[in-house]
Structures are given as C-alpha cells and as structure tokens.
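# Coordinate analysis (summary)
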Amino acid sequence: MHTTPSAFKLHVMAKTKGPSKAADKPKTTQRTYRFNNELFEAFEDDCARHLSNPRLVIEALIRHWLDADGDARAAIAHRHRDWAGGAGDEE
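Scope of this entry: the structure provided in the associated data block.

Moving on: the packing of helix H2 (residues 37-49) against helix H3 (residues 54-67). Closest axis-to-axis distance for the H2/H3 pair is 9 Å, and the angle between their directions is 105°. Considering the angle they form, H2 stands roughly perpendicular to H3. Side by side, H2 and H3 meet where Phe40, Phe43, Glu44 and Cys47 of the first sit next to Pro54, Val57 and Ile58 of the second. A breakdown of the residues in the contact of H2 with H3 according to their chemical character gives six nonpolar, no polar and one charged.

Turning our attention to a nonpolar patch on the surface. Together, Ile58, Ile62, Trp65, Leu66 and Ile76 make up a nonpolar patch on the protein surface, roughly 420 Å² of accessible area in all. A total of four residues in the nonpolar patch trace back to one element, the largest contributor, which is H3. Residue position: Ile62 is located in helix H3.

This part is about the packing of aromatic side chains. Inspection of every chain in the model, using the stated rule, returns two aromatic pairs. Between the aromatic rings of Phe35 and Phe40, the centroid separation amounts to 5.4 Å while the plane-to-plane angle is 25°, which identifies the pairing as stacked. Phe35 gets classed as partly exposed once you look at its relative accessible area, which sits at 45%. Ring centres of Phe40 and Phe43 lie 5.6 Å apart, and the angle between their planes is 40°; this geometry places the pair in the tilted category. One end of the pair, Phe40, and the other, Phe43, are both in helix H2, three residues apart, so they sit about a helical turn from each other.

Thresholds applied
- Residues numbered from 1 in each chain as written.
- Predicted model: local features only at pLDDT ≥ 70, side-chain atom pairs only at ≥ 80, totals over all residues.
- Heavy atoms only, no water.
- Axes fitted to C-alpha atoms, helices over the stretch in contact; angles between N-to-C directions.
- Helix = DSSP H or I, 4+ residues; strand = E, 2+ residues; numbered from the N terminus.
- Parallel < 35°, antiparallel > 145°, perpendicular 65-115°, else oblique.
- Contact = heavy atoms within 4.5 Å.
- Nonpolar A, V, L, I, M, F, W, Y, C, P; charged D, E, K, R; others polar.
- Patch = residues over 30% accessible without salt bridge, like charges linked within 9 Å, V, L, I, M, F, W, Y side chains within 5 Å.
- Areas by Shrake-Rupley, 256 points an atom, 1.4 Å probe, with all protein chains shown as cover.
- Salt bridge = Lys/Arg side-chain N within 4 Å of Asp/Glu carboxyl O.
- Phe/Tyr/Trp six-rings, centres within 6.5 Å; stacked < 30°, edge-to-face > 60°.
- Buried < 20%, exposed > 50% of the residue type's maximum accessible area, 1.4 Å probe, protein only.

Take a look at the structure:
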C-alpha cells in the first residue's frame, strides 16, 4: 500500500495528543487534614451552636489566611504555636 504525504500527516495527527488545557483541571479537590479530636469536636459544637456549617467556617479561615499579608500570617502562626504549646505537626 502506498501512503501519500497527506495521508501520513492525517495518521500522525490522529495519534497525537493535544496539550492538556487548564480548563480540564477540576474546580475542587478533596483533601484530608488531621486534627486533635478534642479540638475538632469543640469546633463542631461551636459551629452547631451558631448554626454554621464547619466547612464554610474552614473556607472562611482559609480565605482570611490567603488575604492576610506576611506579618498577619506570622502573627497567626505565632499565636497558634503559643496556644498549642509548640507541639503542632507542621507538614
């Protein structure tokens, strides 16, 4: 069988994958974080008392962290280390 240059080009184009697009990336990701059971139970109780969804509270805290400047983040981290006694797992 004789292959013409245009037939070869079509064959190669059919096998070639296009570049992946950023639009193919999912908008959400499920992650797992570890919390001290006592701390998380207290957090859930507080959320329930104030009729708030814990997921929304965590999202608000993340947004607050991301909007903060470096000094504010350092102050938050310092306060957490003082509160936790410097024994937190920072991964």
